[in-house]
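Chain and residue survey
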Amino acid sequence: MDKVTENLLLNEEEIKSKKIVLESYPKRLIATLSTKCNSRCIMCEVVRKKWDMPQKTLDEIKQLLPYLQSVNWQGGEVLLLDNFYELFLESLKNKSLKQTIVSNGMLLNDKWIDALTDADIEFTISIDGLNKEIYEKIRYGSKYDVLLKNIKKLNEVRKRKNSKLRLKMHTVIMRSNYKDTDKFIDFANEYNFDIVYMMPIWGGQQIDENIYIGNNFDIMSELSDKINIAEKKARDYNIEFFHSIPIIKKDVRSDTTIINENNKNEQKDVDENKTEVDNIKENIVSETATESLFCYLPWQQLNIDPGGEVRPGCLCSKPVGNIETESILSIWNNEQMQEYRKRIINNPKNWCNNDCINNNIKMDLRKV
């Protein structure tokens, strides 16, 4: 039995037993390697911190690779880093390891296209605009025509080699692009993306593009409808689609009127509608109903942020350590990580992200 399988089985057993201190290693590592980037995206806080991952941490990651089920390499722009090509080739020696590379796609040259299409990995391209004006406004320094040229060339080589490379699109939804939310799925279909992930602006930034703070009910209601349309399009195109957008939940009444839970209008014919509404509610099963935990990430994953701060997941509110002063494995079972596990078992309120607690974040993003 190889190391990754042994670690996986031990990890599952420890989760079932709800262990607080783990003998197993993380299943997944999300690693920010550097904040160096060739773009200056208007919503990105990463490039404001000048930081490179310490060599001691890179060496530790190499030692962990045989035990990991998956690793996510991100920046900054990882294709800009001198040492990343060799790190990528080294990682490929671990045949069971699932790899994801996150890039803006600007540096996709022949060398990288050849290496990527020879590999069985996931390559993610960040795309936040569907035309030159919006794309280059959001991703300042990137060029829309270069993006399209590189994607087309990558797809030509994928097709020629019958490559196992999976292409994923990552989109941050904001004021400038939310009206195109469902159209991103059309773009993904046109350019042969296998997966689409959409997320909100991260970090509660006080910028005009951030529609997730303040009173933006009309925008969020429209966005919620567009997310529903995007989900349907993705099913029709056979594209895997998931998101962490905090959509507005709506109730369906028998007169087919969609109302928000805060609607102050008097509801008529309550007695006539009650039976049908109750039946609908009874048929709604929480996606976590069959799960023993509402979140598994503190048992399965570590997320290394720009600057070296570590969290179980990118949406987790509280950091658990920093690789500048600690090793990955010392963080894995330190007091903060143990506290995350205890809180999730007992009561995550006032500790975990409210969107996770309220089940606004799908289980797919709370479990490896």
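Everything here concerns the structure above.
Residues numbered from 1 in each chain as written. Predicted model: local features only at pLDDT ≥ 70, side-chain atom pairs only at ≥ 80, totals over all residues. Heavy atoms only, no water.

Read from one edge of the open sheet, 10 strands run β9-β8-β7-β5-β4-β3-β1-β12-β13-β14, paired in mixed fashion. Each having just a single partner strand, β9 (240-243) and β14 (321-322) make up the two edges of the open sheet. As paired elements, strand β4 (residues 98-103) and strand β5 (residues 122-126) share four bridges and run parallel to each other. Directly across from S103, in β5, lies its bridge partner I125. Packed on one face of the sheet, helix α3 (residues 84-91) meets β3 (70-74) and β4 and runs near 160° to β4. (Pairing = 2+ DSSP bridges. Helix = DSSP H or I, 4+ residues; strand = E, 2+ residues; numbered from the N terminus. Contact = heavy atoms within 4.5 Å. Axes fitted to C-alpha atoms, helices over the stretch in contact; angles between N-to-C directions.)

A separate point is the pattern of salt bridges. For the structure shown, the criterion picks out 21 salt bridges. Taking the shortest distance from any N to any O, the salt bridge between E136 and K132 comes out at 2.9 Å. With E136 and K132 both in helix α5 (residues 132-138) and four residues apart, this pair spans about one turn of that helix. Of the residues examined, E136 reaches a relative accessible area of 17% and is grouped as buried. A relative accessible area of 47% places K132 in the partly exposed class. Look at the salt bridges and you will find they share partners, linking D182, D186, K226 and K233 into a network. (Salt bridge = Lys/Arg side-chain N within 4 Å of Asp/Glu carboxyl O. Buried < 20%, exposed > 50% of the residue type's maximum accessible area, 1.4 Å probe, protein only.)

Let us look at helix α6 (residues 144-161). With 18 residues, α6 extends 26 Å from end C-alpha to end C-alpha; this agrees with the ideal 26 Å at 1.5 Å per step. Buried residues of α6: Y144, L147, L148, N150, I151, L154, N155, V157 and R158, and no others. Contacts made by the buried residues of α6 are with α4 (110-117), β5, α5, β7 (166-172) and α7 (183-190). Just downstream of α6 lies N162, where phi reads positive at about 55°. (Expected span 1.5 Å × (residues − 1).)

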